[in-house]
Amino acid sequence: MRSIVLFSVLLSKSWSFQPNALNKSFHLTNRSRFGPFIVAHDWIHKFTSPLFNFLDDFKNEQEYGNPLGESTNFPPAICPTEIHRIRFSTTAGDFTVRLDRSLSPSGVTRFLELVDDGFFVDQLLYRVDPGFVIQFGVASTPEMHSRWDPNVGAPVPPLPDEPNRQEFSAGSVSFAGSGFDSRSCHIFIALEPGGATLGSASHETVLGSVESEDGGMLAVENIVRNREETQYGDLLGMQQALIREGNSALESYSGIDRFIACGRM
């Protein structure tokens, strides 16, 4: 009996934890030769299959950096975890965004390209909706913006949508968009409580989050507080004017926070 069990286990393990594939090919070509062993394998497979499924899931979780115990309501990662930290200096304080490529490979790649090109430098945080989002992503000049926004002739295509792999919470970072495959250069930071309801639109995919360890969320809270004091509202309706004219479009709105500098850490 021990030899039969060992035979069955070795067969299953050699098939990379895919007993069903083993049954389809091995049984069809070798049943007459190994009949007794195959019957025993079929019986043992009923009891060992859950174990191999668990081991296969564990292997994937370890390889792609998804800790055991996390919610399984999200699609699995398709690439290993790769962390990038971006430091933003603003007129309301500094914060760090921690990006994880396994959450959104295309999205993180584009975000890093924007950082490396200086796209965020001197940008206005024009949309501040307390309890919901802070949105940015319109360059300080039309010339810079035209390099990254396909809607105004940028030579880069919009990003294809990627499934959301993490629950939205305060500090989550995502591309903004306007429908399917519309991500380009517009970004938002989620705020609570409304930000926790995000994730249903095709473009709403978490890229990473603002780190709280170094007090980064304090800077985010300062941005919200400053906007509440100015009583300007979120100014989303000024987005097109910003795209056409750059920061000069909001010259009459004093006190709007902006990015001073941005770079990789």
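This text follows the structure it describes.
Everything in this summary refers to the structure shown in the same document.

Cut-off values and rules
- Residues numbered from 1 in each chain as written.
- Predicted model: local features only at pLDDT ≥ 70, side-chain atom pairs only at ≥ 80, totals over all residues.
- Heavy atoms only, no water.
- Helix = DSSP H or I, 4+ residues; strand = E, 2+ residues; numbered from the N terminus.
- Buried < 20%, exposed > 50% of the residue type's maximum accessible area, 1.4 Å probe, protein only.
- Contact = heavy atoms within 4.5 Å.
- Pairing = 2+ DSSP bridges.
- Axes fitted to C-alpha atoms, helices over the stretch in contact; angles between N-to-C directions.
- Salt bridge = Lys/Arg side-chain N within 4 Å of Asp/Glu carboxyl O.
- Phe/Tyr/Trp six-rings, centres within 6.5 Å; stacked < 30°, edge-to-face > 60°.
- Core = buried A, V, L, I, M, F, W, Y, C linked by side-chain atoms within 4.5 Å.

All right, on to the overall build of the protein chain then. Helices and strands together make up the secondary structure of the protein chain, namely seven helices and eight strands. Expressed as a percentage of the 265 residues in the protein chain, the buried residues total 44%. Counted over contacts in the protein chain with a minimum sequence separation of 6, partners at least 24 positions apart contribute 64%.

Another aspect to go through is unusual backbone geometry. Most peptide bonds take the trans form, and the phi angle of most residues other than glycine is negative. Looking along the chain, the bond that leaves Glu-192 and enters Pro-193 is cis, with omega of 10°. At Asp-181, a position not held by glycine, the phi torsion is positive, near 50°. The topology assignment puts Asp-181 in the loop between β5 (172-175) and β6 (187-190). One non-glycine residue, Gln-231, adopts positive backbone phi at about 60°. Summarising the element assignment, Gln-231 is placed in the loop between α6 (216-230) and α7 (239-245). By relative accessible area, Gln-231 is classed as exposed at 68%.

This brings us to the sheet that holds β5. Spatially, eight strands are ordered β3-β4-β6-β5-β7-β2-β1-β8 in an open sheet, and the strand pairing comes out antiparallel. Across the chains shown, the open sheet's two edge strands, defined by having one partner strand only, are β3 (127-129) and β8 (259-264). Adjacent strand axes in the sheet meet at a mean angle of 25° when their direction is disregarded. Where β5 meets β6, three bridges bridge the pair, whose relative direction is antiparallel. Looking at the pairing, Ser-174 lines up with Phe-188 of β6. Running at roughly 40° to strand β1 (residues 83-90), helix α4 (residues 105-116) makes contact with β1, β2 (93-100), β5, β6, β7 (206-210) and β8 of the sheet.

The subject of this paragraph is the side chain of Ser-184. Position of Ser-184 among the secondary structure elements: in the loop between β5 and β6. What makes Ser-184 buried here is its relative accessible area of 3%. Residue contacts for Ser-184: discarding those within four places in its chain leaves Arg-110, Leu-114, Trp-148, Asp-149, Pro-150 and Phe-175.

Take the pattern of salt bridges next. This structure, assessed with the given rule, holds nine salt bridges. In this structure, Asp-234 and Arg-127 form a salt bridge, with 3.7 Å as the shortest nitrogen-oxygen distance. Of this pair, Asp-234 sits in the loop between α6 and α7 while Arg-127 sits in strand β3, and the two are 107 residues apart along the sequence. Owing to a relative accessible area of 25%, Asp-234 belongs among the partly exposed residues under this scheme.

The next point concerns the packing of aromatic side chains. Under the defined criterion, the tally for this structure stands at 13 aromatic pairs. An angle of 40° between the planes, with centres 4.8 Å apart, marks the rings of Phe-88 and Phe-259 as tilted. Here Phe-88 is found in strand β1, whereas its partner Phe-259 is found in strand β8, with 171 residues between them in sequence. Taking relative accessible area as the criterion, Phe-259 reaches 0% and is therefore assigned buried. Here Phe-120 and Phe-259 contribute two aromatic rings whose centre-to-centre distance is 6.4 Å and whose plane-to-plane angle is 75°, an arrangement assigned as edge-to-face. Of this pair, Phe-120 sits in the loop between α4 and β3 while Phe-259 is found in strand β8, placing the two residues 139 residues apart along the sequence. No difference in accessibility class separates Phe-120 from Phe-259, as the two residues are buried.

Side-chain positions along a regular strand alternate between the two faces of the sheet. Bridge count between β1 and β2: eight bridges; the pairing is antiparallel. The residue bridging Ile-83 from the neighbouring strand is Asp-100, located in β2. Bridge count between β2 and β7: three bridges; the pairing is antiparallel. When the sheet's bridge partners are listed, Val-97 is paired in β7 with Val-210.

The next subject is the environment of Met-265. Summarising the element assignment, Met-265 is placed in the segment after β8. Spatially, the C-alpha atom of Met-265 lies 9.9 Å from that of Val-97, the residues being 168 residues apart in sequence.

Moving on, we come to the nonpolar core. Counting 38 residues, the largest nonpolar core has Phe-88, Phe-111, Phe-120 and Ile-134 as its most contacted members. Those residues in contact with Ile-134 that lie beyond four places of it in its chain are Leu-125, Arg-127, Val-128, Ile-187, Phe-188, Ile-189, Leu-191, Val-220, Ile-223 and Val-224. Core analysis: the next-biggest nonpolar cluster, separate from the first, contains ten residues, Leu-124, Val-138, Ala-241 and Leu-242 among them.

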